[in-house]
Each structure stands twice: as C-alpha cells, then as structure tokens.
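Close look at the chain arrangement
The chain contents come next:
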Amino acid sequence: MTDLRTDYTNRYTKALTPVATALVGNLTEILAGTPRVDRVTARPKSIDRFMSKAAKADGGKLKYDDPLNQIQDQIGSRIIAFYSSDVPVIEEVILREFRPIESKHVVPQHQWEFGYFGRHHILLMPSDLYGAAEDKALVPDVFELQIKTLFQHAWSEAEHDLGYKPGEQPLNPEDERLLAFTSAQAWGADRIFDDLFKKRSS
C-alpha cells in the first residue's frame with residue numbers, strides 16, 4: 001500500500017484538488033438562475049480516507065484490485081437545496097449537462113426506518129475541467145455528486161462524524177435509535193418546510 005499512498009498523494013496534489021475547485025465553478029455556473037440552491041461544494045477524498053477505502057475487504061479479498069481506477073468518489077461534490085421539492089429540479093438541470101454513469105436515490109430500506117436520505121450520481125468528468133490539473137493524466141474519469149436538502153445534509157454530516165470515526169467508542173443500539181429519531185425529525189422538518197413553502201407560493 002506504500003506505493004498506492006504515494007501515487008494517490010501525487011494525484012491528490014496535482015489533479016484532484018485543482019479540479020475540485022474548478023468543478024465548483026462549473027456547477028455554480030450551470031445552476032445560475034436555479035432558485036433556492038444553498039451551496040455548491042466539491043473536494044477530493046482525503047488521503048487517509050482513500051487508503052481506508054482501498055483496504056476494504058469483501059469475502060476475504062480486497063474489494064478493489066485497482067483502487068486508483070475503481071474508486072469513483074475521489075472527487076465528491078454536493079449541491080444543497082433549501083426544500084425537498086427543489087432537489088428534483090436541480091437534478092434535472094444537472095442531468096441535462098452531465099452524462100450519468102450511475103444514479104440512485106438513497107432511502108432507508110423500510111418505511112418504518114429512518115436514516116440516510118440523498119440522491120447520488122456518478123457523472124463523467126467534463127473534458128474542459130482537465131485543464132485545471134497540473135497533470136491531466138491523473139484526472140479521474142468520473143466524480144460523485146450528492147444532492148440533498150439542508151436538513152439531510154446537516155443530519156448526514158453529524159451522523160458520519162458520530163458513527164464512522166475509527167478507534168472511538170462505537171455507538172450502542174440505544175444511541176443508534178436516537179440517531180434514527182433525529183433522522184425522522186429531519187425528514188419531518190423537510191416535509192413541513194416544503195409544504196409551507198408551497199402553500200405560501202400558491
């Protein structure tokens with residue numbers, strides 16, 4: 001893994017960081033005039049997180065035999081919307097401009113469950129962004145885009161910080177139930193704010 005860390009560090013510096021910055025400008029320009037976009041962000045996956053993901057095993061074997069080409073979220077971008085009804089509008093604008101490789105609407109598996117919500121896309125990297133890199137050959141073919149509401153974003157950031165830090169005390173079932181409760185509250189807040197916005201705008 002030493003060579004992989006060196007290779008990714010080189011990619012992180014010479015390609016991922018400048019291209020992520022350029023991608024923010026690109027997405028912001030595309031969304032100009034689209035109402036109720038709170039923010040647009042993009043950042044490269046940190047070196048430690050990339051190495052952790054590259055080391056993941058599946059059935060006793062490494063999940064990725066070519067991590068530099070197989071891990072698709074080396075650049076992750078997010079568009080945060082005010083209300084839940086804004087999300088499909090933003091999604092439509094984005095999918096007119098980018099070619100999707102993979103798209104999914106992430107929701108808990110059962111209607112009685114609460115957890116992570118969001119729309120995820122793996123999109124082809126626009127060719128005009130390659131010029132932002134010091135070395136174009138290091139630019140990945142794709143990037144990840146997540147579209148969320150303010151409440152979905154706030155919940156997922158806190159949940160990730162609480163639940164995914166290695167080496168710290170794991171959450172017990174009661175703690176996880178509390179996380180699910182806060183997700184339900186965020187879901188409810190999204191519904192209420194969206195309904196009030198539609199009522200006020202009608």
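Residues numbered from 1 in each chain as written. Predicted model: local features only at pLDDT ≥ 70, side-chain atom pairs only at ≥ 80, totals over all residues. Heavy atoms only, no water.

Some details on the nonpolar core
The biggest cluster of nonpolar side chains holds 35 residues, and the ones touching the most others in it are F50, I75, I94, M125, F143 and L145. Put simply, the parts of the chain that give this core at least two residues each are α1 (2–30), β1 (37–44), α2 (47–54), β4 (75–81), α4 (86–97) and β7 (142–149). Every residue in contact with I75, bar those within four places of it in the chain, is listed here: L16, V19, A20, L23, R43, P44, M125, F143 and E144. (Core = buried A, V, L, I, M, F, W, Y, C linked by side-chain atoms within 4.5 Å. Buried < 20%, exposed > 50% of the residue type's maximum accessible area, 1.4 Å probe, protein only. Helix = DSSP H or I, 4+ residues; strand = E, 2+ residues; numbered from the N terminus. Contact = heavy atoms within 4.5 Å.)

With respect to helix α6 (residues 173–201)
Its 29 residues place the ends of α6 42 Å apart at the C-alpha level, agreeing with the 42 Å of an ideal helix rising 1.5 Å per residue. Considered for burial, the residues of α6 that qualify are L179, S183, A186, G188, A189, D190 and D194. (Expected span 1.5 Å × (residues − 1).)

Considerations on the packing of aromatic side chains
A full pass over the atoms with the stated rule returns six aromatic pairs. Here the aromatic rings of Y8 and F50 are separated by 3.8 Å at their centres, their planes lie at 0 degrees, and the arrangement is stacked. Here Y8, found in helix α1, pairs with F50, found in helix α2; they are 42 residues apart in sequence, far enough to count as distant. The same class applies to Y8 as to F50, namely buried. The interplanar angle of 35 degrees and the centroid separation of 5.6 Å between the aromatic rings of F151 and F193 together place this pair among those described as tilted. With a gap of 42 residues between them, F151 in helix α5 (residues 150–163) and F193 in helix α6 connect regions that are remote in the sequence. Given a relative accessible area of 42%, F193 falls into the partly exposed group. (Phe/Tyr/Trp six-rings, centres within 6.5 Å; stacked < 30°, edge-to-face > 60°.)

Structural notes on the pairing of β7
Burial analysis of β7 places eight of its eight residues in the buried class, the great majority of the element. When β4 meets β7, the two strands line up parallel, connected through six bridges. Its bridge partner lying in β7, G76 is registered against E144. Note: strand β6 (residues 118–124) against β7, six bridges, orientation antiparallel. Bridge pairing in β7 links I122 to E144. (Pairing = 2+ DSSP bridges.)

Description of the pairing of β4
Counted residue by residue, β4 has seven buried out of seven residues, so it is predominantly covered. Of the two faces of β4, the one carrying I75, S77, I79 and A81 and the one carrying G76, R78 and I80 are both buried. With seven bridges joining them, β1 and β4 adopt antiparallel strand pairing. For T41, the partnering residue across the bridge sits in β4 and is R78.

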